[in-house]
Amino acid sequence: MIENLPPCPKCSCAYTYEMNALVVCPECGHEWVPAEDGVQDAEPAGERVVRDSVGNVLQDGDTVTVAKALKVKGSPSGIKAGTKVRNIRLVDGVDGHDIDCRIDGFGAMQLKSSVVKKA
């Protein structure tokens, strides 16, 4: 039994309780497994993690494949699903466009990580 239960990570409610191996929040219903040392399993602060459409972590220089066909403004054909994009760069883009890349036949553009998967 844990003496000092942590507050809910979703709503910050202090009235959490223990149920078997889980800690439960009575206000929002969130359930989680408490960490042994009191620190939650979170991604390191200050380090941004970008994931593809399947959940793989992307890094600068990776090769990705476009998961679905994309329309490109000013182009009659667009980008077909399965197109490989090499040497991506992760950026803080606008409207979720967090990948900066160069696609053969289209040139430099930005993509959303939700429409690519790691090759």
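Below or above, wherever it landed, is the structure these notes cover. What you see is a predicted model; the values in this text were computed from it and never measured.

## Considering the side chain of Asp-52
Item 1. As for its placement among the helices and strands, Asp-52 is situated in the loop between β4 (50-51) and β5 (57-58).
Item 2. There is a polar contact of 3.1 Å between the side chain of Asp-52 and the backbone nitrogen of Val-54.

## Some thoughts on the sheet that holds strand β1 (residues 17-19)
Item 1. Read across the open sheet, the three strands follow the order β1-β2-β3; overall the sheet is antiparallel. Whereas interior strands pair on both sides, the edge strands pair on one side only; in this sheet they are β1 and β3 (31-32).
Item 2. Pairing between strand β2 (residues 22-24) and β3: two bridges, direction antiparallel. Residue Val-24 lies in a different strand from β3, and its bridge partner there is Glu-31.

## Here's the deal with the nonpolar core
Item 1. Counting 16 residues, the largest nonpolar core has Val-85, Cys-101 and Leu-111 as its most contacted members.
Item 2. Those elements that place two or more of their residues in this core are β6 (64-66), β9 (99-103) and β10 (107-111).
Item 3. In terms of residue count, the dominant contributor to this core is β9 (three residues).
Item 4. The residues touching Val-85, leaving out its near neighbours within four places in the chain, are Asp-62, Thr-63, Val-64, Val-66, Cys-101, Arg-102, Ile-103 and Leu-111.
Item 5. Ranked by size, the runner-up nonpolar core spans five residues in total, among them Cys-8, Cys-13, Cys-25 and Trp-32.

What counts, and where the lines are drawn
- Residues numbered from 1 in each chain as written.
- Predicted model: local features only at pLDDT ≥ 70, side-chain atom pairs only at ≥ 80, totals over all residues.
- Heavy atoms only, no water.
- Helix = DSSP H or I, 4+ residues; strand = E, 2+ residues; numbered from the N terminus.
- Polar contact = N/O pair within 3.5 Å; in protein donor to acceptor, adjacent residues only side chain to side chain.
- Pairing = 2+ DSSP bridges.
- Core = buried A, V, L, I, M, F, W, Y, C linked by side-chain atoms within 4.5 Å.
- Buried < 20%, exposed > 50% of the residue type's maximum accessible area, 1.4 Å probe, protein only.
- Contact = heavy atoms within 4.5 Å.

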